[in-house]
Amino acid sequence: MDTPTASNPAPNRATPPTDEELLDLAREAAAHAYVPYSSFPVGAALLLASGRVVQGCNVENASYGLTICAERTGATRMVAEADDDADRRIVAAAVIGLEASPCFPCGACRQVLHEFGCERVVVEEVGAPRSYPFEQILPHGFGPADLTN
Ligand code: THU
């Protein structure tokens, strides 16, 4: 029996989390955001092919441009904690902004999510989850496969 950890809160679940549950995990992550400059907390919950869920929040900096978005703190945490390839493959990325919804990933985050095969993005629209196929979020994205013929 696996022990629950931060990146794997429900290791023994038979079914993947619903989009609603993923948004709840993103909301929980947003509560950790470090946003003294924008006061715009964002949370992300990345559902991985392994079944794990990794959470991320935005982390700002006095040198504004060094700010890291919630999706990218989630992605870097995912890689740092990965045990195998399935822990580095993103099935769905749920994103929530506590001050405004829907909150879609910025362009830089779309590129990073694409790197890890993200299949869809879940946002909150009028209080309910809405799922977008990744191709709609980043059409014709450049990824690892494009480096080879
Ligand atoms: N932000 C995210 O964390 N994710 C996004 O996709 C959009 C923007 C953060 C960056 C910054 O800390 C704040 O939201 C305002 O732009």
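These figures come from a predicted structure and were not determined experimentally.

1. Let's talk about the site of the ligand
Here's step 1: Around the ligand, a shell composed of S38, F40, V42, N58, E60, T67, C69, A70, E71, F104, P105 and C106 is seen.
Here's step 2: Contacts to the ligand include F104, whose backbone N or O atom sits 3.5 Å from an oxygen atom.
Here's step 3: Protein coverage of the free-state accessible area of the ligand, which is 370 Å², stands at 78%.

2. Details of the nonpolar core
Here's step 1: In this structure, L46, I90, L113, C118 and F134 are the most contacted members of the largest nonpolar core, which totals 15 residues.
Here's step 2: With sequence-adjacent residues up to four places away left out, C118 is seen in contact with I90, V91, A93, L113 and F134.
Here's step 3: Grouped together as the second largest cluster of nonpolar side chains are eleven residues, A45, L47, A94 and I96 included.

3. Things to note about the pairing of strand β3 (residues 90-97)
Here's step 1: Summarising burial for β3: seven of the eight residues are buried, a large majority.
Here's step 2: Pairing of strand β1 (residues 42-48) with β3 involves seven bridges; the strand directions are antiparallel. Bridge assignment links L48 to a residue of β3, and that residue is I90.
Here's step 3: Judged from the three bridges that link them, β3 and strand β4 (residues 120-125) form a sheet pairing that is parallel. Paired with A93 across the strands is V121, a residue of β4.
Here's step 4: Read from β3 through helix α3 (residues 107-115) to β4, the crossover connection turns out right-handed.

About the cut-offs
- Residues numbered from 1 in each chain as written.
- Predicted model: local features only at pLDDT ≥ 70, side-chain atom pairs only at ≥ 80, totals over all residues.
- Heavy atoms only, no water.
- Near = heavy atom within 4 Å.
- Polar contact = N/O pair within 3.5 Å; in protein donor to acceptor, adjacent residues only side chain to side chain.
- Areas by Shrake-Rupley, 256 points an atom, 1.4 Å probe, with all protein chains shown as cover.
- Core = buried A, V, L, I, M, F, W, Y, C linked by side-chain atoms within 4.5 Å.
- Buried < 20%, exposed > 50% of the residue type's maximum accessible area, 1.4 Å probe, protein only.
- Contact = heavy atoms within 4.5 Å.
- Helix = DSSP H or I, 4+ residues; strand = E, 2+ residues; numbered from the N terminus.
- Pairing = 2+ DSSP bridges.
- Right-handed = clockwise from strand over helix to strand, strands pointing away.

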